[in-house]
Amino acid sequence: TQICYFMKPNYIYALFVLFLLVSCQKASTEFTAKDGSYTLTLPPLWEEYDDGDELTDAFYNARNWTGNFRVTKLKNENSVDIKEYINKELQEVQGARLVKIGEYECAHSQTMTHDNGEELNAFFWSFGKGKDIFICSFTTDHQDRDNRKVMGEVEGIIKSLKINTN
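Just so you know, these numbers come straight off a predicted model, no measurement behind them.

**Comments concerning the sheet that holds strand β10 (residues 162–163)**
Within the open sheet, the three strands sit side by side as β1-β2-β10. Their pairing is antiparallel. Sheet topology places β1 (29–32) and β10 at the edges, where each strand pairs with a single neighbour. Pairing of β1 with strand β2 (residues 38–42) involves four bridges; the strand directions are antiparallel. Counted as the bridge partner of Thr-32 is Thr-39 from β2.

So this is what it looks like as structure tokens:
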């Protein structure tokens, strides 16, 4: 068989373009809390921002804002076990239900809030290991609350979270 020489440069050009597209994709980012209490993996294009709370790490999609995701490690001054904490959340928070995300059983709830006249939907997941208790929250515009892709990304972040017990 003969090779068409006019096709060869087009083939090389196509491979070069494909290489550029693949290499320009931002990879997932590993994040470790300042105190070392946990690590997680952020999806491509997600970045950390300072929300002013030293106990909270906050993140968002820097290219296309879909909401704010926060991880807060609770000061567990009463040394409450995570199972006890989750049971209390399930009893006291209206609409809370038990869900499993990755290795964690979570008390999950959602509520509507208002900020500067804008209606927002806030989702909460409480979980932990032993006496280490975390609350993850995701706040988004009301119209985005049913966006399965975004919620899949958020649940993927929670699934990736690894608690580093001392």
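**So, helix α2 (residues 82–92)**
Every buried residue of α2 is accounted for by Ile-82, Tyr-85 and Ile-86. Along the axis of α2, the buried positions cluster into a sector of 95°, meaning they face one direction only. Seen from the buried face of α2, the exposed residues on the opposite side, beyond 90 degrees, are Lys-83, Gln-91 and Glu-92. Of the surrounding secondary structure, the elements contacted by the buried residues of α2 are β6 (97–101), β7 (104–115), β8 (118–129) and β9 (132–141).

**Focus: the nonpolar core**
Phe-69, Trp-125 and Phe-127 are the most contacted members of the largest nonpolar core, which totals 26 residues. Of all the secondary structure elements, the ones that give two or more residues to this core are β2, β5 (68–73), β6, β7, β8, β9 and α3 (148–160). Per-element tally for this core: the top contributor is α3, with five residues.

**Concerning the sheet that holds β7**
Across the sheet, which stays open at both edges, the seven strands sit in the order β3-β4-β5-β9-β8-β7-β6 with antiparallel pairing between neighbours. The open sheet is flanked by β3 (46–49) and β6, the only strands paired with a single partner. Ignoring which end each strand starts from, the neighbouring axes of this sheet average 30° apart. Of the pairings in the sheet, the one linking β3 to strand β4 (residues 56–61) comprises four bridges and is antiparallel in character. In the sheet register, Glu-48 faces β4, and the bridge partner there is Phe-59. The strands touched by α3 within the sheet are β3, β5, β6, β7, β8 and β9, with β8 carrying the most contacts at an inclination of about 25°.

**With respect to the environment of Val-150**
Relative to the assigned elements, Val-150 resides in helix α3. When the C-alpha atoms of Val-150 and Gly-67 are compared, they prove to be 8.7 Å apart, with 83 residues separating the residues in sequence.

**Quick word on the pattern of salt bridges**
Two side chains bearing opposite charge may form a pair once their charged atoms approach each other closely. In total, this model carries five salt bridges according to the counting rule given. One salt bridge connects Lys-34 with Glu-48, and the closest N-O pair in it is separated by 3.6 Å. With Lys-34 in the loop between β1 and β2 and Glu-48 in strand β3, the pair connects residues that are 14 residues apart, well separated along the chain. Residue Glu-48 is classed as partly exposed on the basis of its relative accessible area, which comes to 39%. Between Lys-34 and Asp-57 there is a salt bridge, and its shortest N-O distance comes to 3.1 Å. One end of the pair, Lys-34, is in the loop between β1 and β2; the other, Asp-57, is in strand β4, and 23 residues separate them in sequence. If you follow the salt bridges from partner to partner, you end up with Lys-34, Glu-48 and Asp-57 in one network.

Reading the values: rules and limits
Residues numbered from 1 in each chain as written. Predicted model: local features only at pLDDT ≥ 70, side-chain atom pairs only at ≥ 80, totals over all residues. Heavy atoms only, no water. Pairing = 2+ DSSP bridges. Helix = DSSP H or I, 4+ residues; strand = E, 2+ residues; numbered from the N terminus. Buried < 20%, exposed > 50% of the residue type's maximum accessible area, 1.4 Å probe, protein only. Arc of directions from axis to C-beta. Contact = heavy atoms within 4.5 Å. Core = buried A, V, L, I, M, F, W, Y, C linked by side-chain atoms within 4.5 Å. Axes fitted to C-alpha atoms, helices over the stretch in contact; angles between N-to-C directions. Salt bridge = Lys/Arg side-chain N within 4 Å of Asp/Glu carboxyl O.

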